[in-house]
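# Structural features, examined
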Amino acid sequence: KTNGWTRAIAKNGIHLQEAWPFNFTEEGVFVKFDYFPDPPQGDIYKYSNGRIRVTTPDDRDLFLDIGNPPVDFTGYEQYLPPNVFYFTTDDQFEETGSDLFEYPVWKGQELLLTKGSTDPVCGSVPPFAEEGDAPIIGKLPSGEWIQWTPTILLEDNGPSINAAAQDMTSNVLSDGGGESVIQTGEKMKCSNVARSFINEDTCFLSTESTACSSSEPVDEVVIPMNTSNIIAFYDLADKYVYAIRGLVMEDLGEHACEKTLSRWEVKPSTTCSDPTPLASATTAALENAITSSSDSNEFIKDVTRTLSCANSDIITAKINIQIQVDSDCYEHVHPDHYNVYDFSGWVTKHPGGEYNIQKWAQGWEGHEGWYLNYPFDGDATRNIPEHPMSRWYNKAVAPNVVNVARLGDSIAFRDLPNDLKTDAVAEYFGAVAQSVPDGSGVIVCGSMGEVSNDPALPETFDVNSNEYVVTRDDELENQKQVVWMEVALTAQDQLRQRMAWALNQIVTTVPANIDGLAFTEIYTNYYDIFVKNAFNNYRDILAETSWSPLMAEHLSYLKSKSHAYVYQDTNKLVSRADENFAREVMQLFSIGLIVLNDDGTPALDPLTGNPLETYTNEDIESLARAWTGFERVGTRSNYEDEKTGTTDNRLDPMRIIPDWRDPFPKSNLNGGFIGDGYVLCKDLPAKSFLKVGAGYRLLGAKSSPELMKDPTFFADDANGILRVDLDQASSLYQRLYNEGNYELFVELENDLDCTPNTIECEVDTVRVVKIGSVYYEFVERPCVQMPFYDNAKQIHSRWNELRGHMCANPDLAHAREACCREDRYREVRDGKIEFNVTYLYEGERMTYGTAKNRCVEYGQDLCFYEEIEAVPIDDRERKGYHWTNRDCSINVKVNGEGYVAIVHDAMQTYKDNIPWHVEEENTLNWFRVFWDNGTYPGDSEENTCGDNDCKTLSDGSCLCKTTVTESVVFSSLVDISKEDVISQLFIGALGPQNGSTATNMTDGLRAHTIGGNVDGNTVFEVHDKGRIMFLKNLKSTVGLEGWAMLPQIYEAESATISNALVSNETETATGGLYVEARYGDDTTYIEWEVEVPSAGMHAVSLRYGNDYSPRPLRVITNTQEITRQLENPNPLKSFENVGNPPGTLPLQRCGGDCDGDADCDIGLFCMQLKGGEEVPGCSGSRNNWDYCADINDFDYGFTLLPTGGWTNDWFYSKPLEVNLTAGTNIVRVQFPPLYTEGPNIDHLKIEGLTTSISTSSFRNPPHFMNFIIDNFQRQRKSMGEQTLRDAQYETDAVLDHYFYQNNVAPFLCTRVMQRFSFSNPSPRFVSSCVEAFRTGLYTSGSETFGSGEYGSLEAMLASILLDREATEDAIVSDPSHGSVREPMLKVTNLMRSMEYETSMPDIVVGNPIQATYNVKLW
């Protein structure tokens, strides 16, 4: 039987040729056939009938020389399966054979039904064969029985590599393979290929009802690593995922006081059962480390110790410290304690057997299934031996044991190990992309060269899969060589194949470096890159190979992540981008190791005479950061693969996960930066989505963007999603609609006007627009940002306790509105965004100015809110990053090597609010800049941080303030060369400004001036290597500034306090304590002794909390009260004792009685009076009422606005400039007369005013990626601005940077010449080739070759093969003219010259189908 169905019948019983070690009984003996049989082989192989292996009841493996037993149901028809064909003489068969095995099969063993069958049973046969199906049997007219053998059928799903442009979509599956998905009950995957720049021409909009989407997982879905989800990985992915416990610390080096980082298990609201006796210094050091940790994990806390312990406590007996911190008990544990791992790789290697790892997940003895206890001491009752910790350290490494996360943390789906990213896991956790209704429109794409097989031909090749494979690995590994050799010997396009081989030797991958040696298609597909582009452009080869998953795996940049991402995601783990590809793409694929002259000779250093190097280690480190973020796409159908996960596809081009991409500036090989020459994003025209060059990418019926990110919540119309549904009369609608002929990509040919009274006129930008029944995604043109700029505004995420307080450029649409008035405490608590009022589509981004205008029109303004409330439905997903009215400064860290890191000086309202990648102490995102005068703070003992009035940080780096200036570079057009412009201008322009006049200068250079003036409006037009660049005559420079006195913090609880209490009811006060001054009188004050090094003006500010109306405080320095100079003060006004009758609201300034802020007119708040306090700006007699006041009328030193809370919402007051004397000063804050309520006060901050004594400056470096990152803290998702679009733009810019290097042409020419057997080409020969490569043209006689574009391989190859050094006999026969050929070429040339043909008989004469076999055992 096979799968329970009768397969063969021993009509004459079983006759044993020798005694077996067991007896056949009436009940029968079951013999398991473990492997598919070999076919009969006749006399050419020692197993004449065919080998088959069986497993006997006593678990012995035996081999039978029985082959595939004959099929014969004659007389036993009752055992036939349901589906039987009775063939007639009209059915035509051919004898065929199979080359799947290393020998031919006997004649008559395989038959091919050439024209199908009309038997009625066809209607009952399943469309696809599956494991467990009943066999399909046929009976020939001769009475012989045959069994149908399933055959793999691959489908055409793309054009051939030689297809014409008009035929690119003709062979693509019209529904993406959706019908097959349905017919197989989703056992097959969709064959729709992920859309990319490589296959864009094969894509089209399919409205077939069965069309399926090529969908990547929703990477940002957050998975809480809790016990139930750990168990789910076993249920869904069949993986053994556990948290580890029971690990032991044995060495003194693991003591919490011997290492900086340590892990502690948290036992909340618990008194320690066995607290470790510790010296006071140790207690203080550990308490400080624990309380200052920002780790929010509920089970464990990883902490950093900065204080020293007492030596007496550093003993092995005190490694497992228990310490009480407030109400919680903390126990020091192993650094891997409660880490969650995938132990699946260790299962088969476990010395104690697989079951002892598997059983826990399987619920052994009622175990919960989510953790493993490491058996350090063993268990004698269960026969578990002791496990020394060395086993953990030596064996618990990938691929045996793969780290997932910490118990209690959350992990984004994108960061799961690949083996856990299965379809079932993605579906369970909601990481599945948006589906669309049947027939509503799906973008379907194919893959070039993905053509069908012919099942009528002999089965020469096998495919690897996740099912059982009968072909041996060594044969599978050899298939790709067989394919290549057959093509090399027989292809008609020999020159193309020869060029492809040469290119493949240059841009190479090594199968041994790839986890897929037994595959064929992935390698032939990679090789086809060179076949397809053999005569195209080398830029295409650089791009396609760089995006190849094989290249990424071979050179290890697959899954390379930025330091910023790893540091934030893995609790401050320090990492670096993988540098392998960044080095090899230069050394091997583009520019080589040494600088070459155009004739191929080395360029020499004039001082040393040594060859100049093309790049340095610093260049590798910088450019490696541009190769972060690459990940494979998900598997699909119709190609060879053994994986089924969402990131296992080794065939199709990769994708980029934007969050993994390093966002910071990257220096290039020319002393500049990647992004030089690109237009600044802030220079794009207003409403750029309506301007010429704006791009729109067809999404079909899917509303979620692909190049930007929106919450999946937006994809479901059931959530009441507000979309950009364009008016049909609008010009943009008409251009995209195109009479119903939707184009895959639309680029606006001219500027369009917005349609009055529509959304187009109201928004700064759009994301996705609806056109009829389909959607288009707006694709902004490539542009760059500057990381340093003045007048920054602070943004933060929807709740001010989250990490997300940072600076943003107010001129860019990078955040959303948040409407509230800063003087109204109820509004500050809940800033508002309102559906179709303050925002006009979901996720709308706007500039600071637009956000402010929207809120003013709403009757409010921008403020610094505590939390965002969405109206009318407070859905979390509708919120993101929002503008505040707070100014923000961008500082810079400078390390000892002159590298810099960006620091956002944003106000922190809680604790740990600033994302670590731009936070003062945490950011380690160093990048190279080029200092204008060669010096920088900290570069020597004579030029320290302090010498520049900069702050010295704990790591020794300098923190400085910055200022940005723009300056004109050229003031005259006299004696300016193209090289001058390229080397000194770096800011791109969209084109000449209106009204400018062109002046032709040197070859390839033109200046566009206005009124003949060479100034900041001048634009230079440069033609270079086929490119046209427009460059602004401006340079942006970052100058360094410092502080006359570095910021100093004076804690309130350490000051002299009158009539106020010290409280510890918070974790967010900087010293753990604060002064509660909510209630008091004019005797309530806090007084500090402040030391300043020199007399002068200083800025004083207060960190405070106030969950009520604005409250003033007097500021007195050295007995002198300091008042604030009012800006545009209101004239003094008499009280208006109106009362509060209907019809009198809103009350005007100085009007009363108000019950709340809503009773007051716009710009006023209701001042809640408690005891006769002064109402600023008002005078005269009044009742004991509450009055409407203007915050701008307060002239006390500090006017303390509402913060949204008393103890967890801290603001800094607006700085007050005071004149202090050198030495000790007294600074007091005090309640004004008659005031009985005030704020909670955390500390006083004093700093000197900004100084500009530093002479250091550097050019402002451009960058593509935004710094506003996704925030998933506490599962409160806020989408950032890092997009796939910008990551792709940056990748293109990096590839262009390599491609347009002067060294590419001579380097590539010499390499190709050598591979065409010109071992030592002359300098003249190389120069000719270089000229052809750069001009894209080569003329020989009357024929011209090439595309006319820089990088043309056709022109380059023609210049090699048609040059006189290749064609003149005298030169070729010259013994000094090298012509070494590689061994593989010699072999193939020999075989071709001998007219070798592969020949193997399809069939061998032997026994007919029906035969009697003897069984031989061995």
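Structure shown above.
Criteria and cut-off values
Residues numbered from 1 in each chain as written. Predicted model: local features only at pLDDT ≥ 70, side-chain atom pairs only at ≥ 80, totals over all residues. Heavy atoms only, no water. Helix = DSSP H or I, 4+ residues; strand = E, 2+ residues; numbered from the N terminus. Contact = heavy atoms within 4.5 Å. Expected span 1.5 Å × (residues − 1). Buried < 20%, exposed > 50% of the residue type's maximum accessible area, 1.4 Å probe, protein only. Arc of directions from axis to C-beta. Pairing = 2+ DSSP bridges. Axes fitted to C-alpha atoms, helices over the stretch in contact; angles between N-to-C directions. Parallel < 35°, antiparallel > 145°, perpendicular 65-115°, else oblique. Left-handed = near helix turned anticlockwise from the far one by under 90°. Nonpolar A, V, L, I, M, F, W, Y, C, P; charged D, E, K, R; others polar.

### Structural notes on the side chain of Ser 688
Positionally, Ser 688 belongs in the loop between strand 23 (655-656) and strand 24 (695-700). When residues no more than four places from it in sequence are discounted, the contact partners of Ser 688 are Ala 694, Phe 778, Glu 780 and Arg 781.

### Some remarks on helix 3 (residues 280-292)
With 13 residues, helix 3 should reach 18 Å at 1.5 Å per residue; the first-to-last C-alpha distance of 18 Å fits that figure. The set of residues buried in helix 3 consists of Thr 282, Ala 285, Leu 286, Ala 289 and Ile 290. Buried residues along helix 3 cover an arc of 125 degrees about the axis, so they all sit on one side. Facing away from the buried side of helix 3, by more than 90 degrees, are the exposed residues Ser 280 and Ser 292. On its buried face, helix 3 is in contact with strand 13 (261-267), strand 14 (300-304), strand 15 (322-325) and strand 16 (328-333).

### Things to note about the sheet that holds strand 39 (residues 1019-1024)
With respect to topology, four strands assemble into an open sheet ordered 37-38-39-40, the strand pairing being antiparallel. On the outer flanks of this sheet lie strand 37 (997-1000) and strand 40 (1027-1032), each paired with one strand and no other. When the angles between neighbouring strand axes are averaged without regard to direction, this sheet yields 25 degrees. Taken together, the four bridges between strand 38 (residues 1005-1009) and strand 39 define a ladder with antiparallel strand orientation.

### Things to note about the packing of helix 14 (residues 580-587) against helix 15 (residues 617-624)
Two numbers describe how helix 14 lies on helix 15: the axes approach to 8 Å, and their chain directions differ by 120 degrees. Accordingly, the angle class assigned to the pair helix 14 and helix 15 is oblique. The interaxial crossing formed by helix 14 with helix 15 has right-handed handedness. Touching Ala 582, Arg 583 and Met 586 of helix 14 are Ile 620, Leu 623 and Ala 624, all from helix 15. Of the residues in the contact of helix 14 with helix 15, the class split is five nonpolar, no polar and one charged.

### Considering the environment of Leu 236
By the element assignment, Leu 236 lies in helix 2 (residues 227-237). Expressed as a C-alpha distance, the spacing of Leu 236 and Thr 1144, which sit 908 residues apart in the sequence, is 66 Å.

### Looking at unusual backbone geometry
A cis amide bond links Ala 398 with the next residue in sequence, Pro 399, at an omega value of 5 degrees. Looking at the element boundaries, Pro 399 is found in the loop between helix 6 (389-395) and strand 19 (402-406). Cis geometry marks the peptide bond from Leu 1145 to Pro 1146, where omega comes out at 0 degrees. With respect to the element layout, Pro 1146 can be found in the loop between strand 51 (1136-1137) and strand 52 (1151-1152). Even without glycine at this site, Cys 1150 takes up a positive phi of about 70 degrees. Within the secondary structure, Cys 1150 sits in the loop between strand 51 and strand 52. Residue classification places Cys 1150 among the buried residues on the basis of a relative accessible area of 0%.

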